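# Structural features, examined
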Amino acid sequence: MIEKKAENKVCCKVCFRHCSLADGETGACRTRKNKAGEVVSINYGVLTSLALDPIEKKPLSMFCPGSMILSAGSFGCNLRCPFCQNHEISYAGEREAGSLGVRYISPEELVDTALRLKERGNIGIAFTYNEPLMSWEYVRDAASLSHEKGMKNVLVSNGTAEPEVLREILPFIDAMNIDLKAFDKDKYSKILGGDLEQTQAFISEAAKHVHMEITTLVVPGFNDDNSEIENASKWIASLNNGKNIPYHLTRFFPGFNMTDRDATPVNRIFELRDIAAKYLDNVYVGNV
Ligand code: SF4
């Protein structure tokens, strides 16, 4: 997933950004670096967060309900959402991560921890909190080992990675929750620094292979038009087994770089839930 460029630059092909990196340079996600001509993950196994969470917190509502899952996160992200709820870790790079109390946990150690927690209802590992696919090699290595031990694996992601990355991890992932942060190409790129097309392609392909759930954080004045949620719902319904895909609409609360508006009114979330429910059988509301 790398390509040599002129002037000793190397192009990273993990996500849509295709950062062209000089020797020693780190990409926009702050997690991949050109080290002597190879783009490598600098946060492989470097965890900032590790917790045993109810699976509904991911959120996953229709995958092993009532179970617990060991949830692991690192630092860095390739998007720039102004409403990020995990900005302390997702906006951090190698330097800032030092003050976050990071710890290196090998895939073997992570799986051993997951196995020990089985007695507390743990079913496996969730790769979550920051954007896990920037260090997809760690997801692959830990998840394949976890499968060998009979455990399940969950990915919580923004879904902006190239198809080659998805192919690498798919054999080891059982369920995903992917953010669909808006349903407008321009907003996705200009306000979030993301790529709607790549997100849609990722969700569409992954939904053919794993249990898929989708989440939209409903932000007033950003993505809360009836038509936007309606179009997103219609599109989800068109996917493989789409009508059955659980769709989570969650309330926004002001914070981080978006403090210029109030929290999403509770009644508005329920109005949008009713619109989505015209097309989808399983629509959930969150943070209400
Ligand atoms: S994964 Fe990181 S370094 Fe690679 S293209 Fe995306 S933002 Fe750039």
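This text follows the structure it describes.
The following refers to the structure shown. (Residues numbered from 1 in each chain as written. Predicted model: local features only at pLDDT ≥ 70, side-chain atom pairs only at ≥ 80, totals over all residues. Heavy atoms only, no water.)

Turning our eyes to something else, we now look at the packing of aromatic side chains. Scanning all chains against the criterion turns up four aromatic pairs. Ring centres of Phe 83 and Phe 222 lie 5.7 Å apart, and the angle between their planes is 55 degrees; this geometry places the pair in the tilted category. Separated by 139 residues along the polypeptide, Phe 83 in the loop between strand 8 (68-73) and helix 1 (87-90) and Phe 222 in the loop between strand 13 (211-218) and helix 8 (226-237) bring together distant segments of the chain. Taken individually, Phe 83 and Phe 222 each receive the classification buried, so the pair is uniform in this respect. With 4.8 Å between their ring centres and 70 degrees between their planes, Tyr 91 and Phe 256 make a pair best called edge-to-face. With Tyr 91 in the loop between helix 1 and helix 2 (94-97) and Phe 256 in the loop between strand 14 (247-251) and helix 9 (266-276), the pair connects residues that are 165 residues apart, well separated along the chain. In this arrangement the basic side chain of Lys 187 is found over the ring face of Phe 222, its NZ or CZ atom lying 5.4 Å from the centre. (Phe/Tyr/Trp six-rings, centres within 6.5 Å; stacked < 30°, edge-to-face > 60°. Helix = DSSP H or I, 4+ residues; strand = E, 2+ residues; numbered from the N terminus. Buried < 20%, exposed > 50% of the residue type's maximum accessible area, 1.4 Å probe, protein only. Lys NZ or Arg CZ within 6 Å of the ring centre and 35° of its normal.)

Another aspect to go through is the site of the ligand. Taken together, Cys 12, Val 14, Cys 15, Arg 17, His 18, Cys 19, Gly 27, Ala 28, Cys 29, Arg 32, Asn 78 and Met 134 make up the full set of residues adjacent to the ligand. Split by residue class, the shell around the ligand holds seven nonpolar, three polar and two charged. (Near = heavy atom within 4 Å. Nonpolar A, V, L, I, M, F, W, Y, C, P; charged D, E, K, R; others polar.)

Negative phi is the rule for most residues except glycine; trans is the rule for most peptide bonds. The omega torsion of the bond from Lys 58 to Pro 59 falls at -5 degrees, within 30 degrees of zero and hence cis. You can see Pro 59 is positioned in the loop between strand 7 (49-54) and strand 8. Even without glycine at this site, Tyr 129 takes up a positive phi of about 75 degrees. As for its placement among the helices and strands, Tyr 129 is situated in the loop between strand 10 (122-127) and helix 4 (136-148). Judged by its relative accessible area of 22%, Tyr 129 falls in the partly exposed class. Despite not being glycine, Asn 241 shows a phi value in the positive range, around 55 degrees. Structurally, Asn 241 is set in the loop between helix 8 and strand 14. On the basis of relative accessible area, Asn 241 is assigned to the exposed category, the value being 51%.

Remark on secondary structure: sheet strands pair via backbone hydrogen bonds, oriented parallel or antiparallel. Spatial strand order, 7-8-10-11-12-13-14-15: eight strands in an open sheet with mixed pairing. Both edges of this open sheet fall to strand 7 and strand 15 (283-286), since each of them pairs with a single strand only. On average, each strand axis in the sheet is tilted by 20 degrees relative to the strand beside it, whichever way the strands run. By the bridge criterion, five bridges tie strand 13 to strand 14 in an arrangement that is parallel. (Pairing = 2+ DSSP bridges. Axes fitted to C-alpha atoms, helices over the stretch in contact; angles between N-to-C directions.)

Under the definition given, this model contains 17 salt bridges. Residue Lys 33 pairs with Glu 94 through a salt bridge whose shortest N-O separation is 3.8 Å. With Lys 33 in strand 4 (residues 32-35) and Glu 94 in helix 2, the pair connects residues that are 61 residues apart, well separated along the chain. On the basis of relative accessibility, which here comes to 19%, the residue Lys 33 falls in the buried class. Between Arg 103 and Glu 109 there is a salt bridge, with its nearest N and O atoms 2.4 Å apart. Judged by relative accessible area, which is 48%, Arg 103 ranks as partly exposed. Given the relative accessible area of 30%, Glu 109 is considered partly exposed. (Salt bridge = Lys/Arg side-chain N within 4 Å of Asp/Glu carboxyl O.)

The next subject is the packing of helix 8 against helix 9. One can describe the packing of helix 8 onto helix 9 by two numbers: an axis separation of 9 Å at closest approach and a directional angle of 40 degrees. Considered as vectors, helix 8 and helix 9 are oriented oblique to each other. In this structure, the crossing between helix 8 and helix 9 has a hand that is right-handed. Facing Asn 226, Ile 229, Glu 230 and Ser 233 of helix 8, the residues of helix 9 in contact are Arg 268, Leu 272, Ile 275 and Ala 276. Tallied by class, the residues present in the contact of helix 8 with helix 9 amount to four nonpolar, two polar and two charged. (Parallel < 35°, antiparallel > 145°, perpendicular 65-115°, else oblique. Left-handed = near helix turned anticlockwise from the far one by under 90°. Contact = heavy atoms within 4.5 Å.)

Tracing the backbone shows Cys 81 in the loop between strand 8 and helix 1. Considered as a pair, Cys 81 and Ile 191 are 110 residues apart in the sequence and their alpha carbons are 6.9 Å apart.

Attention now moves to the pairing of strand 14. Most of strand 14 sits inside the fold, with five of its five residues counted as buried. Residues of strand 14 alternate between two faces, with Tyr 247, Leu 249 and Arg 251 on one and His 248 and Thr 250 on the opposite face, all of them buried. In this view, the connection linking strand 13 to its parallel neighbour strand 14 by way of helix 8 has right-handed handedness. Note that strand 14 and strand 15 share four bridges and pair parallel. Bridge pairing in strand 15 links Tyr 247 to Val 283. (Right-handed = clockwise from strand over helix to strand, strands pointing away.)

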